[in-house]
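Chains, contacts and geometry: an overview
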Amino acid sequence: MELNDIYAPVKEDLVKVKKTLASISHIDYQWLSEQLSHLVRETGKALRPALTLLSGKCFKYNFEYLLPMAASVELMHTATLVHDDAIDNAATRRGQATINSIFGDEIAILMGDYLFAKAGEFVADTQTPRVIKLFSQTLGIISSGEINQFRGAFNVNQSREEYFRRIYGKTASLFSLSTQSGAILSHATEEGVTVMKDFADNVGIAFQIVDDILDFTSTEEAMGKPVGSDLIQGTLTLPAIMLTESYPEDNPVKKAFETRDPKYVTRAIEMVRNSGIIDKCYEMASEYCEKACRNLKSLPRTDSRQSLYSLAEFVLKRDI
């Protein structure tokens, strides 16, 4: 199933979210306006705002408050990408030149800060202290996760537990903000909020596992960035951890981290592709998706609930 089909219950409202996002570029400073317009136009899959709206649709849908919240989570996501690219010295994102590669790291960091500020402005429009606090807590989780990743760069001695803790902070926490805020703003019961949190926590982890798999199995054309980018940047992901566990002595990941020689990155990619590691990683992602969907049956039977089931399936089968 395609994302457009999954998003069907909230399709029209997602268009309004995108229009709201576009409104942040309507400022007097022309250069900043142009850059913001480019950033918010390249919204990718719009997974996070869709999660907010689909979550809300499972309860008493309140679009007046869900609209700024959906815009907020997408701006937060975009801000993290801008900062990530600057930290990683990434030249491209989705096949396009990054802000940092064109204007430098200083401008990229300030641009990310501006997006975070606008995200905070939108979440304040929900007039819901619980959601505003959750937004702040999530920003803290994401930031600490990025610090952890940065400080752990090129360190091959990391456990699976450390990996899962890191990807929760990097990815799943924002998924969780999206669904929990959607539920809270739509007057869900505490049980309903918990169901949405559990769904997002697990789907978010599965999403990042698949993302890390694709860094080994996809192509530069499909991803819009070099294959093996994580290894090049010194980030130890699940496939690399499994490779290290399987070959503790003759380990190209360790050599890649020690020497920064691209030939070892190429060798690691080949070894992962020619082993059973990819299948094992997909099995693990599938287990997380099963956990995500386990309690959805307690929600009212609606098109939005079905979309959440379908979204979990999409996460496993996506190729970009």
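Up top is the structure these notes are about.
Below is a short write-up of the structure. (Residues numbered from 1 in each chain as written. Predicted model: local features only at pLDDT ≥ 70, side-chain atom pairs only at ≥ 80, totals over all residues. Heavy atoms only, no water.)

**Some words on helix α3 (residues 30-41)**
Between its terminal C-alpha atoms α3 stretches 16 Å, which fits the 16 Å expected from twelve residues at 1.5 Å a residue. Listed in full, the buried residues belonging to α3 are Leu32, Ser33, Gln35, Leu36, Leu39 and Val40. (Helix = DSSP H or I, 4+ residues; strand = E, 2+ residues; numbered from the N terminus. Expected span 1.5 Å × (residues − 1). Buried < 20%, exposed > 50% of the residue type's maximum accessible area, 1.4 Å probe, protein only.)

**Quick look at a nonpolar patch on the surface**
Side chains of Ile102, Phe103, Ile107 and Leu110 sit close together on the surface and give an oily, nonpolar patch of about 340 Å² of accessible area. Those elements giving two or more residues to the nonpolar patch turn out to be α6 (99-103) and α7 (105-124). Considering the arrangement of structural elements, one finds isoleucine 107 in helix α7. (Patch = residues over 30% accessible without salt bridge, like charges linked within 9 Å, V, L, I, M, F, W, Y side chains within 5 Å. Areas by Shrake-Rupley, 256 points an atom, 1.4 Å probe, with all protein chains shown as cover. Salt bridge = Lys/Arg side-chain N within 4 Å of Asp/Glu carboxyl O.)

**Comments concerning the nonpolar core**
Ranked by size, the top nonpolar core spans 99 residues in total, and within it Phe199, Ile209 and Val253 carry the most contacts. Excluding residues that lie within four positions of it along the chain, valine 253 makes contacts with Val156, Leu231, Leu236, Ala240, Leu243, Thr244 and Ala268. (Core = buried A, V, L, I, M, F, W, Y, C linked by side-chain atoms within 4.5 Å. Contact = heavy atoms within 4.5 Å.)

**Let's talk about the packing of α7 against helix α8 (residues 129-151)**
Where α7 meets α8, the closest approach of the two axes is 9 Å, and the angle between their N-to-C directions is 160°. The angle between α7 and α8 falls in the class roughly antiparallel. Crossing hand, α7 versus α8: right-handed. From α7, Phe116, Ala119, Gly120, Val123 and Ala124 reach across to α8, where they touch Val131, Ile132, Phe135 and Leu139. Of the residues that constitute the contact of α7 with α8, the class distribution is eight nonpolar, one polar and no charged. (Axes fitted to C-alpha atoms, helices over the stretch in contact; angles between N-to-C directions. Parallel < 35°, antiparallel > 145°, perpendicular 65-115°, else oblique. Left-handed = near helix turned anticlockwise from the far one by under 90°. Nonpolar A, V, L, I, M, F, W, Y, C, P; charged D, E, K, R; others polar.)

**Looking at the layout of surface pockets**
The space that makes up the largest pocket amounts to roughly 1100 Å³. Contributing to the lining of the largest pocket are 43 residues, with Leu81, Arg93, Arg94, Asp211 and Lys225 lying nearest its centre. Elements supplying a minimum of two residues to the lining of the largest pocket: α4 (47-57), α5 (63-88), β1 (92-93), α8, α9 (160-185), α10 (190-217), α11 (220-223) and α12 (229-232). If you tally residues by element for the lining of the largest pocket, the top one is α5, at seven residues. Grouping the constituent residues of the lining of the largest pocket by class yields 15 nonpolar, twelve polar and 16 charged. (1 Å grid on protein atoms, 1.4 Å probe; cavity = no way out; pocket = protein on both sides within 12 Å on 5 of 7 lines; lining within 4 Å. Points joined across faces, edges and corners; volume = space filled by probe spheres on them.)

**Quick look at the environment of histidine 83**
Along the chain, histidine 83 falls in helix α5. Here the alpha-carbon distance between histidine 83 and arginine 165, two residues 82 residues apart in the chain, equals 20 Å. Aside from chain neighbours lying at most four places away, what touches histidine 83 is Ala108, Ile109, Gly112, Asp113 and Phe116.

**Here we look at the pattern of salt bridges**
Enumeration over the complete set of coordinates arrives at nine salt bridges. The shortest N-O distance in the salt bridge between arginine 318 and aspartate 211 comes to 3.1 Å. Of this pair, arginine 318 sits in the segment after α17 (303-317) while aspartate 211 sits in helix α10, and the two are 107 residues apart along the sequence. Measuring nitrogen to oxygen at the nearest pair gives 3.9 Å for the salt bridge that ties glutamate 270 to arginine 267. Linking glutamate 270 with arginine 267, this pair stays in helix α15 (residues 262-273), spanning three residues, or about one helical turn.

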